[in-house]
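# Reading the structure
Now for the letters of each chain:
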Amino acid sequence: SARAVRAAAGRFGLAVVSTYPPGAVQNAEGLAGAARLYRDAAYFVAGRGAAEGLGLEDRAVYAVFAKGSKEVPLKYPEDASLEGDAIAAWAKRVMIPSFLVYSYQERQRIVDSGVAVAKLYVKKGQDRETVETVKDVAKEFRGRITTLLLDDDGYHMDMPDAGLPRHKLPALALSNLPDGSPPDTQNYAFAPGVTDGDFSAERIREFYNDFLEGRLLQSFKSEPIPETGGEFVKGEVFPVVFNTLNTKIMGQNLKDLSGVAKHAVVLFYKDWTEKKEKILKTMDYLARCLRDTDVVVAKMEAYNNYFDNTAFGVQEKHWSHAMVFLVTGGVGKRDAKLIASTGPGSQMPLTQGNILKALKRELKSIEESWGGIKERVREVQKEVAQEVLRKKKEESTPESSNDDSESLDSESPEIKSPENGKDEL
C-alpha cells in the first residue's frame, strides 16, 4: 500500500518501488536481485492502488522518499538495465541526498555510492542566495550528482586541486570524488573569472549537464599566469604555470605550434627542493648562454602547479628533486626527454655544462652553433664576475659574494683551450 511504502521510506530513507505486474521478470529477478545486493533500502511491488496513491506510472521503477523530505518520487532511467545489480547501484546513489552540508564522516558513504560530487565552497554564513539557488538545482540531479556544501575553511584547502583560486568565494567544482588529487580525482572548475560563469540557476544547470554529458575539460592545480609570462624573452628563463605548460611548451594535441617553443629546456622543481636557489641560478646562466639560439629555457614549480608523473615518465609518486627535460618535435610528435636530474643515483648531473652537452647531442641547431655558444659562455662568465664584484662592493660582505662565486665556479661549463687539444664546454 502507499501507506506502507511511505512508512518504510521514512524508516530506511528510501523505498524502491516497482509498478510492474507482481509476476513480471523485472520483479522476480531485477527487484529481488537488487534487494539482496543493497539492503539499506526497502523494496516493494506496488499494487494499482498504491501506485495511484503515490502518483507513479505503470510498468516502471521509482525511488520514493520519506514524506517529510519534500522530494518527489524519482523514476528509474528508462534506458537503463533492469538487472538486479543495475537497480542496486542506482538505489545506492539515490540514497545520498541531493544536497549535503559536508563532513568527513560522510565521505566513505559517498565514495561507496559512486555518485558524482559537486563541491560548493562558501564562507560560513555568507552567500545564502547562491546556496539556495544551487540547492534547488541540485534536486534535479539526485542519483547522478550530490552537491556538498563546504563552508568550513579547512575544506577550502583542496580548492587549488580543483583548479580554483583559494579564498575566491563562492566557488563550485564537479568531481568524481569528494577530495583528493589527480589522477585518481578528476575535477572540473566553475567560478566567475575562471570559467566566466555566473551563479544563476540556468548556468549551474548547464554546468551539471555538461559534466554528465562529458563536455567539460578537466581542471588542474595552477598558479596564476604571470603578467609577463605570455611571451618568450631572449636570455631570460620563461616562467611556466600548469595553464601555460601545454600552450607554450608541450604543444600536445595542438594543430598549430606557432606560439609554442620550438625547443625547450624545462626545469621542474618544488619549493623545498634541495639547493633550489643554486639550481635556479644555473638555469638563469643557461638562458643567458642560449640567448642567440632557438632553445627556450623555462621553469615550473611542481607543487603549486599540477605535474603529470605519467606524461613525463616519472616513477616516484612523491618526489622532491629537480629534473630538467628537453622538449622538442613538430605537430603530433612532441616529446619530453630527461637530460639532467638531482635525483638519487642520477647519471645526468644538473649542471650547465652537462645540459649544454646534452643539447649538442640532441639538437642539430646547437651542434652547428657550438662555436658561438662557447663564445657566449665566456661573455656570460665575464658578466657574472662583474656582477659579483659590484655586489661585493655594494654590500661589503664577503659571505654574500661567496655564494655567487661558488655557484658560478661549480655550475658554469669549463672552457678548455685549443692548446689542451680539446674543444668542449
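Below is a summary of the structure that appears in this document. (Residues numbered from 1 in each chain as written. Predicted model: local features only at pLDDT ≥ 70, side-chain atom pairs only at ≥ 80, totals over all residues. Heavy atoms only, no water.)

## Examining the overall build of the chain
Here is the rule we go by: The helix and strand labels rest on DSSP assignments: H or I over at least four residues marks a helix, E over at least two residues marks a strand, and numbering proceeds from the N terminus. Here the radius of gyration uses the C-alpha set of atoms, whereas the globule reference equals 2.2 Å times the residue count to the power 0.38. Exposed residues in this analysis have more than 50% of their type's maximum accessible area, buried residues have under 20%, and partly exposed residues fall in between, with area computed by a 1.4 Å probe over protein chains only.
Along the chain, the regular secondary structure elements total 13 helices and 14 strands. A globule of 425 residues ought to have a C-alpha radius of gyration of about 22 Å, yet the chain, at 30 Å, is considerably larger. Overall, the C-alpha framework of the chain stretches about 105 × 45 × 40 Å when taken along its three principal axes. Expressed as a percentage of its 425 residues, the buried residues of the chain come to 45%.

## Brief notes about the sheet that holds strand β12 (residues 295–301)
Where we set the bar: Here, any two strands with at least 2 DSSP bridges between them count as paired. Any pair of residues with heavy atoms lying within 4.5 Å of one another is described as a contacting pair. Think of each axis as a best-fit line through the C-alpha atoms, taken over the contacting stretch in the case of a helix, with angles from 0 to 180 degrees between the N-to-C directions.
Within the open sheet, the five strands sit side by side as β10-β12-β11-β13-β14. Their pairing is mixed. Two strands close off the open sheet at either side, each with one partner strand: β10 (238–239) and β14 (335–341). Examined bridge by bridge, strand β13 (residues 323–328) and β14 share six bridges and lie antiparallel to one another. The residue of β14 that forms the bridge with V324 is A340. Strands β11 (263–269), β12 and β13 of the sheet are contacted by helix α9 (residues 276–289), whose axis makes an angle of about 170° with β11.

## Examining the nonpolar core
Cut-off, in case you're wondering: Take the buried residues of types Ala, Val, Leu, Ile, Met, Phe, Trp, Tyr and Cys, join any two whose side-chain atoms come within 4.5 Å, and each joined set is a nonpolar core.
Among the nonpolar cores identified, the biggest contains 32 residues, and V265, L267, M283, L290, V324, I355 and L359 are the most heavily contacted of them. Where this core is concerned, the elements lending two or more residues are β11, α9, β12, β13, β14, α10 (352–362) and α12 (370–395). A total of seven residues in this core trace back to one element, the largest contributor, which is α9.

## Looking at the environment of A34
Inspection of the secondary structure puts A34 in helix α2 (residues 25–37). You can call A34 buried: its relative accessible area is 0%. It is 9.5 Å that separates the C-alpha atoms of A34 and W90, two residues lying 56 residues apart in sequence. Sequence-distant contacts of A34, that is, excluding residues within four places in its chain, are made with Y43, G84, I87 and A88.

## Topic: the packing of α2 against helix α4 (residues 84–95)
Basically, it comes down to this: By definition in this entry, angles of less than 35 degrees are roughly parallel, angles greater than 145 are roughly antiparallel, angles of 65 to 115 are roughly perpendicular, and the rest are oblique. The crossing is said to be left-handed when, going from far helix to near helix, the turn is anticlockwise and less than a right angle, and right-handed when the turn is clockwise. Three classes are used, and their members are as follows: Ala, Val, Leu, Ile, Met, Phe, Trp, Tyr, Cys and Pro are nonpolar, Asp, Glu, Lys and Arg are charged, and the others, Gly among them, are polar.
Close contact between α2 and α4 brings their axes to 7 Å; oriented N to C, the two are set at 55°. With respect to their mutual orientation, α2 and α4 come out oblique. Like other packed secondary-structure pairs, α2 and α4 cross with a definite hand, here right-handed. Residues E29, G30, L31, G33, A34 and L37 of α2 lie in contact with α4, whose contacting residues are G84, D85, I87 and A88. Its residues placed into classes, the contact of α2 with α4 shows five nonpolar, three polar and two charged.

## Remarks on the sheet that holds strand β1 (residues 15–18)
Strand order across the open sheet formed by four strands is β2-β1-β3-β4, with mixed pairing between neighbours. This sheet does not close on itself; its edge strands, each paired only once, are β2 (42–45) and β4 (74–75). Strand direction decides the pairing type here: strand β3 (residues 61–64) and β4, joined by two bridges, are antiparallel. For Y62, the partnering residue across the bridge sits in β4 and is K75. Each of β1, β2 and β3 is contacted by helix α1 (residues 2–12), which is oriented at about 165° to β2, the strand it contacts most. Against the sheet, α4 contacts β1, β2, β3 and β4, and its axis sits at roughly 25° relative to β3.

## Here's the deal with unusual backbone geometry
With glycine set apart, most residues show a phi of negative sign, and most peptide bonds adopt trans. Look at the link from L169 to P170: it is a cis peptide, with omega at -5°. Considering the arrangement of structural elements, one finds P170 in the loop between β7 (145–150) and β8 (171–175). Even without a glycine there, the phi angle at R59 is positive, about 55°. Inspection of the secondary structure puts R59 in the loop between α3 (48–54) and β3. Judged by its relative accessible area of 46%, R59 falls in the partly exposed class. Although it is not a glycine, D127 sits at a positive phi angle of roughly 55°. The exposure class assigned to D127 is partly exposed, which follows from its relative accessible area of 27%.

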